[in-house]
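Here are the chains, one letter per residue:
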Number of protein chains: 2
Amino acid sequence: MTAPATMTGVLTPVVTPFDDDLKPDAARLLKQCQWLQSNNCGLAIFGTNSEGNSMSTAERIALMEALVGGGIDPAQLMPGTGCCALTDSVELSKRATDLGCGGVLMLPPFYYKGADDDALYRSYAEVIQRVGDDKLKIYLYHIPQVSNVPITLTLIEKLVKDFPDTVVGIKDSSGDWSNTKAMLDNFPGFGVFAGSETFLLQNMRNGGVGCISATANINPGAIHNLYATWQNDDADDQQARLDTVRGVFEGFPMIPAMKAAIAHFAGDGVWKNVRPPLMNLPDDATNKLLAELDRISFKIEGV
Amino acid sequence: MTAPATMTGVLTPVVTPFDDDLKPDAARLLKQCQWLQSNNCGLAIFGTNSEGNSMSTAERIALMEALVGGGIDPAQLMPGTGCCALTDSVELSKRATDLGCGGVLMLPPFYYKGADDDALYRSYAEVIQRVGDDKLKIYLYHIPQVSNVPITLTLIEKLVKDFPDTVVGIKDSSGDWSNTKAMLDNFPGFGVFAGSETFLLQNMRNGGVGCISATANINPGAIHNLYATWQNDDADDQQARLDTVRGVFEGFPMIPAMKAAIAHFAGDGVWKNVRPPLMNLPDDATNKLLAELDRISFKIEGV
């Protein structure tokens, strides 16, 4: 039904380092992206876990340019470019495409609630027409519990029909496997990423292309290993181990907890910083997190 | 408990004109603001009804500068400056303050859901500290059905306690009178605007300072008249007439319907345009709206 997705595998919605004045830290981000690449993960920068929407368009463009300028292969980048403002979404998507990014992960405009399929079709179509570049590859971003603006099957169908070479995939962060399954069943060839590694094995067994998952920030190698060996006999065991690690992080606010863990294992306290409205993980919670990770013998290696 | 609010009366969340390429049209906006001022309304530009979040920070700053440059008294302006990104909120609030705006109407960061009072306190405090100007006057913006990030009484209490000369009021668009009443009862001297003229008379009778209401775009004079004469014997009759007019518009998508009505009565079709994710009011709905307005003998005069 559609052109094949151009990106596959495990992508990390890379957490964004902020200095103590809460400015984005391009050098630390570059280093983190290099480490994630060494663990075979692609780079879904500016996602929900990246605090992407907590940064201005100018800040996001500066970081993209710093990563590509620092030697990151842009084909491995899938920046988040969907904003409330049409002009911001166009500017970010155009710059990402000009830089050669493999794709963009695009939220629908998320301020107004209750937009129907026609309204969201119009939103995406306007961005596509204004970017005006065949190299633009859009992955839709379905995360209704945060955006409160769901992407329906009928919207996907309309977009894929009219823009088959541009709208090439989706990240389904609904946490509802039946929804992911419906996307896989209805749109063969469409690049369906699970929004959590919890669904990675199911997704691969049903024709999906991988996952884009928060915890690929702290467990990238093992998640990629399941992606690469999902047809092996130990796949279910691998999935169970991934779920155990994820389960620990889910007991805490996810983004501050991942940053606190990176700060600990990297020996670099700056990594703890989050922008408002998030809050740094308090010390007592950090200690509890580290104790639980120790209990399951989990470490972040090489970060 | 707090310093008196600096702004009072009826403020219009001014609808933003977009040309046929969907660019903001500063000249038409200036003319509209002048007309609203001639009807004694203040100017809450860049609110929900202004499609404020559908414009980039640069577009909003350019419009503010055009209005002030065009002779609008900045003391009458209350631009919306609350964005998802800390840096955007700071930039907009700082520019508004530098221009001499009477206040700013500030949404909490609205991408992440579930932020608690401490997190939202941090969000506002960071903006206040970074703007660093005693002239900044913040009106909090409570519109939980759209932002999905409510502003609680305990958050107001904390902000007013620590920033009594800066956090001076609120717009309550919850549509829940008991919530507005609780704000009035708990924070005497705090500038409480009702978010709809439906509650204008109740708000004035209970110590409120006015309203900031969508339909002040199309019925400014009559709404201001009730504000100015709320102690008169005919106040309840005035309120009933306002409710009748509003009731008609509530039968349609509010923003496109107000723009369609302005386009009709101004004889200027460009006014119909809305940015995605909104959709222009279709012709059949426009005809129905105009017929209903005719039935209640309502016209927009002088627009």
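The present account deals with the structure reproduced in this document. This structure is a prediction, so every number in the text was calculated from the model and none was measured.

Some details on the packing of helix α9 (residues 220–228) of chain B against helix α10 (residues 235–250) of chain B
Residue and element names in this part refer to chain B.
And then number 1: For the pair α9 and α10, the least separation of the axes is 10 Å and the interaxial angle reads 155°. Of the possible angle classes, the one that applies to α9 and α10 is roughly antiparallel. Remark: the crossing between α9 and α10 carries left-handed chirality. For the pair α9 and α10, the contacting residues are Ala222, Ile223, Asn225 and Leu226 in the first and Ala235, Gln238, Gln239, Arg241 and Leu242 in the second.

Comments concerning the relation of the copies chain B and chain A
And then number 1: Here chain B sits on chain A after a turn of 180° about the axis and a move of 0.0 Å along it, with an RMSD of 0.0 Å. Classification of the inter-copy transformation places it as that of a two-fold axis.
And then number 2: Looking at the interface residues of chain B, 100% of them are also at the interface in chain A, so both copies use one shared face.

Re the sheet that holds strand β6 (residues 191–194) of chain B
Residue and element names in this part refer to chain B.
And then number 1: With parallel pairing, seven strands are arranged side by side in an open sheet as β2-β1-β7-β6-β5-β4-β3. Both outer strands of the open sheet, β2 (42–43) and β3 (104–106), are each paired with one neighbouring strand and no more.
And then number 2: Direction of pairing for strand β1 (residues 9–12) relative to β2: parallel, over a ladder of two bridges. What sits directly across from Leu11, in β2, is Gly42.
And then number 3: In the packing of α9 onto the sheet, contacts are made with β1 and β7 (210–212), and the angle to β1 comes to roughly 155°.

Some points on the sheet that holds strand β2 (residues 42–43) of chain A
And then number 1: On the basis of which strands lie adjacent, the open sheet formed by seven strands has the order β2-β1-β7-β6-β5-β4-β3 (chain A) and parallel pairing. Looking at which strands have only one partner, the edges of the open sheet turn out to be β2 and β3 (104–106) of chain A.

Considering the pairing of strand β5 (residues 167–172) of chain A
Residue and element names in this part refer to chain A.
And then number 1: β5 sits mainly inside the fold: six of its six residues count as buried.
And then number 2: Bridging between strand β4 (residues 138–142) and β5 involves five bridges; their strand directions are parallel. When the bridges of β5 are listed, His142 appears paired with Asp172.
And then number 3: Judged from the four bridges that link them, β5 and strand β6 (residues 191–194) form a sheet pairing that is parallel.

Thresholds, definitions, all that
- Residues numbered from 1 in each chain as written.
- Chains lettered and ligands numbered in written order.
- Predicted model: local features only at pLDDT ≥ 70, side-chain atom pairs only at ≥ 80, totals over all residues.
- Axes fitted to C-alpha atoms, helices over the stretch in contact; angles between N-to-C directions.
- Helix = DSSP H or I, 4+ residues; strand = E, 2+ residues; numbered from the N terminus.
- Parallel < 35°, antiparallel > 145°, perpendicular 65-115°, else oblique.
- Left-handed = near helix turned anticlockwise from the far one by under 90°.
- Contact = placed C-beta atoms within 7 Å.
- Least-squares fit on C-alpha atoms with pLDDT ≥ 70 in both.
- Pairing = 2+ DSSP bridges.
- Buried ≥ 20, exposed ≤ 12 C-beta atoms within 10 Å, placed from the backbone.

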